[in-house]
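# Fold and contact review
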Amino acid sequence: MREAHQDAVGRVDQQRLWQRHAEMAQIGAIPGNGVNRAALSAEDIAARKLLISWAQARNFSIGVDDIGNLFVRREGLDPAAPPVMTGSHMDSQPRGGRFDGMFGVLAGFEALEAIDDAGVKTQRAIEVVAWTNEEGGRFPPCTMGSAVYTGQRPLADFLDVRDNEGIVLRDALAATLAATPQATRREFNSPAAAYVEAHIEQGPLLENANKTIGVVTGIQGLRWFNIEVFGKTDHAGTTPLALRQDALRDAVAIINALHELTRDAADTVRFTVGRMLVTPNSTNSVASHVLFSVDLRHPDPATIDRLGKAVEPLAVKTAQQCRVRVTPTLHNNPCVFDPLIVGAVENAARELGLPNMRLASGASHDANYMARICPSGMIFVPCEKGVSHNEAENAKPEDLAAGAKVLAATLLELANR
Ligand code: GLV
Ligand code: MN
Ligand code: MN
């Protein structure tokens, strides 16, 4: 590593990075040390404002696009050269942790500050992006901001998505954009030289292997669906079972059938129903309508394809009394990261003397979409017992700093290529 780069990487400040996590964790704090910072909520806006204030203090420029992806840019010697990008997300699950997503944004910002503190100039600009609605917990699907940014899905696909309270994304997005007027509007899909995302692993492999850095090779494939069951509401005490169109009864049958479809002795298939809306949701009324989610994942392209294609026919066949509608909301094939970025991350970890290993990601990330427009990769750090999407999510300050150092070294390398 060049001497100037070594100096910059050495300025990654563990205490500053940890302190920034603590400040962000106050926004939307929930009992048990977690956060509830739903996409495009008041809490999301507060996190955006805090990040913007830190960027302004450094004179970094701030941009935002029409889906609210927020960009912090440290200019390069060649402003016309496509930048190197990093980042992750600041929204969380309803009972989320302090590190999922936030670490990638703060590690990127820490890398920019360390490079700035060392007075190092890079050929290309480096941009830190906080993607909008990575989680999809409030407005499905996940990784929405990067899907739109990279041109994989039009913004119009998502403007009418409603949250559980009936709030339309279009309105929440307008309120978020209005709350951050400091950011200059920018276009989707401007050219990027590379994208590197840091994240906690969200699984136990690094911790079990005693490794500090995960060199991520790719992301498993996933399919999301909304399944709706249309029945008829009736009196629970009087209506004979044979005369009912019970939407919840059919929904349960469909879920059981999907569990059978996805049964896997190797325990590689991931199948989750995590969201269900029941109407009218009353103890003594037969359910007239049920909407539930399906999240299905597998690393093998043929397997995820086969399972994904089986969902709709199985749901329709299984319903006994009701009409069923299956709406696909996310369709991502397994992603393999560019060997150039995988190699750069691995080199940086080795040069810094950090124990590392290659691994694939079970969780999805915005890097999945960025990989379609530029060479992309990811850096994982361990989290306690692999727990994530849970308020107990935890990580060690020294591991977070190690990840930020690998990120800074990788960004410096790529920004001078
Ligand atoms: C992202 O949080 C995912 O669901 O993988
Ligand atoms: Mn995440
Ligand atoms: Mn997540």
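The coordinates are above.
I will try to describe carefully the structure that is included in this document. Here the residue numbering is sequential within each chain, running from 1 through the sequence in written order. Throughout, the order in which chains and ligands are written sets their labels, letters from A for the former and numbers from 1 for the latter. Selection of residues for local features in this predicted model requires a pLDDT of at least 70, selection of side-chain atom pairs for listing and counting requires 80 or more, and totals for whole chains, interfaces and linings are taken over all residues. The side-chain figures draw on all heavy atoms in the structure; neither hydrogens nor water molecules are used.

## Some words on the overall build of the chain
Cut-off, in case you're wondering: Secondary structure elements are defined from DSSP: runs of H or I of at least 4 residues count as helices, runs of E of at least 2 residues count as strands, and each element is numbered from the N terminus. Between the two quantities, the radius of gyration covers C-alpha atoms and the globule rule is 2.2 Å times the number of residues to the power 0.38. Only protein chains enter the accessibility calculation, which uses a 1.4 Å probe. A residue is then buried if its area is under 20% of the maximum for its type, exposed if over 50%, and partly exposed in between. Contacts were defined at the residue level, with two residues in contact if any of their heavy atoms lie within 4.5 Å. Note on areas: Shrake-Rupley with a 1.4 Å probe; residue coverage comes only from the protein chains shown. Neither His nor the chain termini are counted; the positive set is Lys and Arg, and the negative set is Asp and Glu. Charged groups are reduced to one reference atom each: NZ for lysine, CZ for arginine, CG for aspartic acid, CD for glutamic acid.
Scanning the chain from N- to C-terminus turns up twelve helices and 17 strands. Against the 2.2 N^0.38 benchmark of 22 Å for 417 residues, the chain shows a C-alpha radius of gyration of 22 Å, consistent with a compact globule. Considering only C-alpha atoms, the chain reaches an extent of 80 × 45 × 40 Å along its principal axes. The buried share of the chain, reckoned over its 417 residues, is 58%. Here the contacts in the chain between residues at least 6 apart in sequence split such that 80% fall between residues at least 24 apart. Entry remark: accessible area of the chain is about 16,800 Å², with carbon and sulfur atoms responsible for 50%. Side chains of the chain carry 41 positive and 49 negative charges; the gap between the two charge centres is 2 Å.

## Here's the deal with the pattern of salt bridges
So the rule is basically this: Salt bridge, as applied in this entry: a Lys or Arg side-chain nitrogen positioned within 4 Å of an Asp or Glu carboxyl oxygen.
If you walk through the whole model with that rule in mind, you get 28 salt bridges. Notably, a salt bridge pairs aspartate 117 with arginine 58, separated by 2.8 Å at the nearest N-O pair. With a gap of 59 residues between them, aspartate 117 in helix 4 (residues 102-117) and arginine 58 in the loop between helix 3 (42-57) and strand 3 (61-64) connect regions that are remote in the sequence. Judged by relative accessible area, which is 33%, aspartate 117 ranks as partly exposed. Across the pair aspartate 234 and lysine 232 runs a salt bridge, and its minimum N-O distance is 2.9 Å. Shared partners join several salt bridges into a network, and the residues in it are Arg16, Arg20, Arg58, Arg74, Glu110, Glu113, Asp116 and Asp117.

## Some thoughts on the coordination of the manganese ion (ligand 3)
So the rule is basically this: Metal coordination here is assigned from N, O and S atoms located within 2.8 Å of the ion, or within 3.2 Å for Na, K and Ca; omission of water means that sites may look incomplete.
Looking at the manganese ion (ligand 3), the protein donor atoms are Asp100 (OD), Glu135 (OE), Glu135 (OE) and His389 (NE2), and they sit 2.1 to 2.4 Å from it. Ordering the donors of the manganese ion (ligand 3) by residue number gives the pattern D-x34-E-x253-H. The manganese ion (ligand 2) is placed at 3.6 Å from the manganese ion (ligand 3), the two being bridged by aspartate 100. Of this pair, aspartate 100 sits in the loop between strand 5 (84-89) and helix 4 while histidine 389 sits in the loop between strand 17 (376-381) and helix 12 (397-415), placing them 289 residues apart in sequence.

## Topic: the nonpolar core
The nonpolar side chains of a soluble globular protein tend to be buried, and buried together. Stated formally: Among buried residues, those of type Ala, Val, Leu, Ile, Met, Phe, Trp, Tyr and Cys that are joined through side-chain atoms within 4.5 Å constitute a nonpolar core.
Formed by 96 residues in total, the largest nonpolar core has its most connected members in Met24, Leu51, Met85 and Ile213. The leading source of residues in this core is helix 12, at eleven residues. Residues Val229, Ala247, Phe292 and Ala319 belong to the second largest nonpolar core, which totals 25 residues.

## Things to note about the site of ligand 1
Inclusion rule: For this description, a residue counts as near a given molecule or strand if any of its non-hydrogen atoms is within 4 Å of it. In the analysis that follows, any N or O atom pair within 3.5 Å is treated as a polar contact, provided that within protein one partner can donate a hydrogen and the other can accept it, and provided that, for residues neighboring in sequence, both atoms belong to side chains.
Residues in contact with ligand 1, as listed here, are Glu134, Glu135, Arg297, Ala363, Ser364 and His389. A distance of 2.9 Å separates an oxygen atom of ligand 1 from a polar atom in the side chain of glutamate 135. Measuring from an oxygen atom of ligand 1, one finds a side-chain N or O atom of histidine 389 at 3.1 Å. Considered on its own, ligand 1 offers 200 Å² of accessible surface; in the complex 94% of this is hidden by protein.

## Concerning empty space enclosed by the protein
Quick note on the threshold: Here a cavity denotes a set of grid points, spaced 1 Å apart and computed over the protein atoms alone, in which a 1.4 Å probe fits but from which it cannot get out, and a pocket denotes an open set meeting protein on both sides within 12 Å along at least five of seven lines; residues with an atom within 4 Å of a point are reported as lining. Grid points are joined across faces, edges and corners, and a volume is the space filled by probe spheres set on the points. When residues are grouped by polarity, Ala, Val, Leu, Ile, Met, Phe, Trp, Tyr, Cys and Pro land in nonpolar, Asp, Glu, Lys and Arg in charged, and all others, Gly among them, in polar.
In the structure shown here, the tally under the stated rule is one cavity of 30 Å³ or more. The wall of the largest cavity is formed by Asp44, Arg48, Leu70, Met90, Asp91, Ala130, Trp131, Thr132 and Asn133. Those elements that place two or more of their residues in the lining of the largest cavity are helix 3 and strand 6 (126-131). Classifying every residue of the lining of the largest cavity gives four nonpolar, two polar and three charged.

## Some details on the environment of leucine 206
Note on placement: leucine 206 falls in helix 7 (residues 205-209). For leucine 206 and phenylalanine 380, which are 174 residues apart along the polypeptide, the C-alpha to C-alpha distance reads 8.5 Å. Apart from residues no more than four positions distant in its own chain, leucine 206 is found in contact with Glu201, Lys211, Ile213, Gly214, Met357, Leu359, Phe380, Val381 and Pro382.

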